[in-house]
Amino acid sequence: MGLSAVTVLGVDRPGVIAAVTGSLAGCGANIQDSTMTLLGGHVAMMLLVSGDLSPEDLLRRVSAPDLVVTASAVKAQRHFGSPSSGRGHVLTVHGPDRPGILSVISTELAAVGGHITGMSSRLSGRLYVLIADVELPDEVDVAGLASRLAAVGAGLDSEITIRRVESHAL
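Residues numbered from 1 in each chain as written. Predicted model: local features only at pLDDT ≥ 70, side-chain atom pairs only at ≥ 80, totals over all residues. Heavy atoms only, no water.

Re helix H2 (residues 55-62)
Here comes step 1: Taken residue by residue, H2 has Pro55, Leu58 and Val62 as its buried positions. Buried positions in H2, seen along its axis, are confined to an arc of 60 degrees and lie on one side of it.
Here comes step 2: For H2, the elements touching its buried residues are strand S1 (2-11), helix H1 (16-26), strand S3 (42-51) and strand S4 (67-73). (Buried < 20%, exposed > 50% of the residue type's maximum accessible area, 1.4 Å probe, protein only. Helix = DSSP H or I, 4+ residues; strand = E, 2+ residues; numbered from the N terminus. Arc of directions from axis to C-beta. Contact = heavy atoms within 4.5 Å.)

Here is the structure:
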């Protein structure tokens, strides 16, 4: 079984996700990991797909005139972190939109070995809102990092917070 990364970009409309996932299911491809979001009225999907089809075959199956689709073979590999190798946190940013916000924040996180594992941002008028899932090594001084991020936020006229994700038994 091969593993392929499939990306899809197109104008958002009802049924676009059903069409893409139906095409994949129809040819026996299994979606192992996926993410989807709306970006300025466009649907953006990234899928990790396993099956017996080559990336070229997947591309033919998923393609549609109103979609930009790519497919590439990838090797399976373990996720960067695991629950035992770090601690999960949620980082939020609220403030005016400006270039470089994500760059400066991701640089601060990388400096302490932090890893962004998921992220979403939205622009609402001039308000920029970002929510990121972050994994930090156990040895990171989270209070010190939070202070540095708050100072970065002050320089951007933004509020930046980071808090640990707590596990709760369901």
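Some words on the environment of Asp138
Here comes step 1: Within the element layout of this structure, Asp138 appears in the loop between strand S7 (127-136) and helix H4 (142-155).
Here comes step 2: Placed 51 residues apart in sequence, Asp138 and Arg87 show a C-alpha to C-alpha distance of 6.2 Å.

Observations regarding the side chain of His89
Here comes step 1: For His89, the position within the fold is in strand S5 (residues 87-96).
Here comes step 2: What makes His89 buried here is its relative accessible area of 2%.
Here comes step 3: A polar contact is formed between the side chain of His89 and the backbone oxygen of Arg87, at a distance of 3.1 Å.
Here comes step 4: If near-sequence neighbours (up to four positions away) are discounted, His89 is found in contact with Ala132, Asp133, Val134, Leu136, Val142, Ile162, Arg163, Arg164 and Val165. (Polar contact = N/O pair within 3.5 Å; in protein donor to acceptor, adjacent residues only side chain to side chain.)

Let's talk about the pattern of salt bridges
Here comes step 1: The tally for this structure, following the rule as stated, stands at five salt bridges.
Here comes step 2: Put simply, Arg13 and Asp66 hold a salt bridge, and the shortest N to O gap is 2.8 Å. With a gap of 53 residues between them, Arg13 in the loop between S1 and H1 and Asp66 in the loop between H2 and S4 connect regions that are remote in the sequence.
Here comes step 3: A salt bridge links Arg148 to Glu108; its shortest N-O distance comes to 3.8 Å. Of the two residues, Arg148 sits in helix H4 while Glu108 sits in helix H3 (residues 101-111), which places them 40 residues apart along the sequence. (Salt bridge = Lys/Arg side-chain N within 4 Å of Asp/Glu carboxyl O.)

Examining the pairing of strand S6 (residues 115-124)
Here comes step 1: Two strands pair when backbone bridges link them, and S6 and S7 are joined in this way by nine bridges, in the antiparallel orientation. Bridge pairing in S7 links Gly118 to Asp133.
Here comes step 2: Where S6 hands over to S7, the hairpin turn is made up of two residues, of which Gly125 adopts a positive phi near 65 degrees. (Pairing = 2+ DSSP bridges.)

Observations regarding the nonpolar core
Here comes step 1: In this structure, Leu91, Val93, Ile105 and Leu109 are the most contacted members of the largest nonpolar core, which totals 17 residues.
Here comes step 2: Core analysis: the second largest hydrophobic core is formed by 16 residues, Val6, Cys27, Val43 and Val49 among them. (Core = buried A, V, L, I, M, F, W, Y, C linked by side-chain atoms within 4.5 Å.)

Re the sheet that holds S4
Here comes step 1: One open sheet holds the four strands; their spatial order is S2-S3-S1-S4, and the pairing between them is antiparallel. Bordering the open sheet on either side are strand S2 (30-39) and S4, each of which pairs with just one other strand. On average, adjacent strands in this sheet sit at an angle of 10 degrees to one another, irrespective of strand direction.
Here comes step 2: Here S1 runs beside S3; their pairing, made up of ten bridges, is antiparallel. From the neighbouring strand, Val6 faces S3, where its bridge partner is Leu47. (Axes fitted to C-alpha atoms, helices over the stretch in contact; angles between N-to-C directions.)

Quick notes on unusual backbone geometry
Here comes step 1: Its identity is not glycine, yet Asp157 carries a phi of approximately 55 degrees, on the positive side.
Here comes step 2: As for its placement among the helices and strands, Asp157 is situated in the loop between H4 and strand S8 (159-164).
Here comes step 3: For Asp157, a relative accessible area of 56% gives the class exposed.

Overview of the packing of H3 against H4
Here comes step 1: Viewed as axis vectors pointing N to C, H3 and H4 meet at an angle of 160 degrees, and their least axial separation amounts to 11 Å. One finds that H3 runs roughly antiparallel with respect to H4. Between H3 and H4 lies a crossing whose hand is right-handed. The residues of H4 that touch H3, namely those facing Val104, Ile105, Glu108 and Leu109, are Leu145, Arg148, Leu149 and Val152.
Here comes step 2: Here the contact of H3 with H4 is composed, by residue class, of six nonpolar, no polar and two charged. (Parallel < 35°, antiparallel > 145°, perpendicular 65-115°, else oblique. Left-handed = near helix turned anticlockwise from the far one by under 90°. Nonpolar A, V, L, I, M, F, W, Y, C, P; charged D, E, K, R; others polar.)

These values are about where atoms sit, not about what they do.
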